[in-house]
Structure formats: structure tokens, C-alpha cells
Amino acid sequence: MLAFNVAQLLKEGTGASRQRELSGELRDIDENNPHPVPVQGYVHLVVTPEGVLAMGEATLSLVQTCRRCLEPTEAALTIAIEEEFYPTIDVVTGRQMPPEHDDEPELLIDERHILDLTEVLRQYAIAQTLEPTYCRPDCKGLCPVCGANRNIEACTCETEQLDPRLAILAQLLGASEDQE
Ligand SMILES: [Zn+2]
Ligand SMILES: [Zn+2]
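Note that this is a predicted model, so its numbers are computed, not measured. (Residues numbered from 1 in each chain as written. Chains lettered and ligands numbered in written order. Predicted model: local features only at pLDDT ≥ 70, side-chain atom pairs only at ≥ 80, totals over all residues. Heavy atoms only, no water.)

## Thoughts on the overall build of the chain
To keep things clear, this is the line we draw: Strands are runs of DSSP state E lasting at least two residues, helices are runs of H or I lasting at least four, and both sets are numbered from the N terminus onward. Between buried and exposed lies partly exposed: a residue is buried under 20% and exposed over 50% of the maximum accessible area for its type, with that area taken using a 1.4 Å probe on protein chains only. Contacts were defined at the residue level, with two residues in contact if any of their heavy atoms lie within 4.5 Å. Shrake-Rupley sampling with a 1.4 Å probe provides the accessible areas, and residues are treated as covered by the protein chains on show and by no other component.
Helix and strand counts for the chain come out as three helices and seven strands. When its helices and strands are written in sequence order, the chain yields β-α-β-β-β-β-β-β-α-α. Across the 180 residues in the chain, those meeting the buried criterion constitute 32%. Expressed as a percentage of contacts within the chain between residues at least 6 apart in sequence, the contacts between residues at least 24 apart total 51%. Summed over all atoms, the accessible surface of the chain reaches about 11,400 Å², with 50% contributed by carbon and sulfur.

In C-alpha cells form, the structure reads like this:
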């Protein structure tokens, strides 16, 4: 489950807490992950004066593109969650709460007192896909001349040339040395 009924927890008041297991699937993360992605973990729910703080960790395996060689690579990731959720209905009086947090609908506890972590987890997962990823720490990347994947084949291109910007810098340094 990625969604929990927090009615009883909210009735217990500020400071009340529960630990819950996270288990479910995330959809629509990105084009590298077209199928539902299983997610596992735990969450600690604590009642605050304003709502419910959800803190926990979730593990999932995402396919990402290696930044150096551009090959798809699958890696297990652990994401740390910390978000405060806000009730839309006062659990004691049944009254509608003021709509202060409507700009973040994924953080609203619905009128049936369900706190749903699915969208928050999905957004954290999407944020992870934007981080640079490497298929392995020593990925050799693509040859800038012929495009060969250097993890698979050793091409014979001459790529030891100095970066042109560095070459200019080297010239400038050389020139200033001459002046002294
Ligand atoms: Zn790579
Ligand atoms: Zn090459």
C-alpha cells in the first residue's frame, strides 16, 4: 500500500505516530520506464499541529540513460521522503478545512482521510531520473570522433588532442612567460 487511512491517527492528536510499510507501483515516471515500477519501503507518519508529517525511505529500480555512453542502465535507488500532508476535512467536526494548501494537491489528505504517497513518490522518482547516471563508475563513454562505445570496442581515433580552449590557454601562458 502507498495510501493510508489516517482518521484514527488524526483523532489521537499532535505527536501521535504510526509506522507503515510501503509497497506498490509507480506509473508514468518517464519514457525510460514505461511499465509500472515496483516500490518498497517504509514510512513514519507523525501528527503535527497542521497535518501529518510523512518521513521514510522507498527503494525502486529505475532505468536511466548513462550520461557518458547513452546506454540504458537499470539501478536500484533509495529515495528519502519527507513531506507534510494536510487534511481537507476536520476529522473531529467533519468540517471542511480552509483551502490553504490547494496549490499542492498531492499533499492533501482526502475527505475520506486517505493520505496517499503515490504522487509524492512519483515526483521524487522523476527528480531522480534528472540526476546524472552512469552505467558504471568507470564508464569510458563514446568516442567523440567516431561515436564508438568505448566500453565495447576500442577505436583507433586520435583523441589525445588538447581541448581547443586549453590550447589557447596554453598559448597565453606561454606568451606571458616570454614577456618576463
Ligand atoms: Zn555508460
Ligand atoms: Zn573513435
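Anyway, onward from the coordinates.
## Some remarks on the side chain of Gln64
Inclusion rule: Here a polar contact is recorded for every N or O atom pair within 3.5 Å, except that within protein the pair must consist of a potential hydrogen donor and a potential acceptor, and residues adjacent in sequence are included only if both atoms are side-chain atoms.
You can see Gln64 is positioned in strand E4 (residues 52-65). In terms of polar contacts, Gln64 uses its side chain to reach the backbone carbonyl oxygen of Gln128, at 3.2 Å. The contact partners of Gln64, leaving out residues within four places of it in the chain, are Asn32, Glu71, Pro72, Thr73, Leu77, Gln128, Thr129, Glu131 and Thr133.

## Considerations on the packing of aromatic side chains
What counts, and what does not: Ring pairs shown here join Phe, Tyr and Trp side chains whose ring centres sit within 6.5 Å, with only the six-membered ring taken for Trp; geometry is labelled stacked below 30 degrees between planes, edge-to-face above 60, and tilted in between. Here, a charge over a ring is recorded when the distance from Lys NZ or Arg CZ to the ring centre is within 6 Å and its angle to the ring normal is within 35 degrees.
Taken as a whole and judged by the stated rule, the model has zero aromatic pairs. When the ring centre of Tyr134 is taken as reference, the NZ or CZ atom of Arg68 above it lies at 4.3 Å.

## Quick word on the coordination of the zinc ion (ligand 1)
Put simply, the rule is: Any N, O or S atom lying within 2.8 Å of the metal counts as a donor, with the limit raised to 3.2 Å for Na, K and Ca; because water is left out of the atom set, some sites can appear incomplete. Just to be clear on the cut-offs, tetrahedral is four donors with all angles between 85 and 135 degrees, square planar is four donors and octahedral six with opposite donors over 155 degrees apart and all others between 65 and 115, and anything else goes down as irregular.
Around the zinc ion (ligand 1), the protein supplies Cys66 (SG), Cys69 (SG), Cys135 (SG) and Cys139 (SG) as donor atoms, at distances of 2.2 to 2.4 Å. Here the zinc ion (ligand 1) is ringed by four donor atoms whose angles at the metal span 105 to 117°, and the overall shape comes out tetrahedral. All donor residues of the zinc ion (ligand 1) come from one chain, and their arrangement in sequence is C-x2-C-x65-C-x3-C. For Cys135, a relative accessible area of 30% gives the class partly exposed. A relative accessible area of 6% places Cys139 in the buried class.

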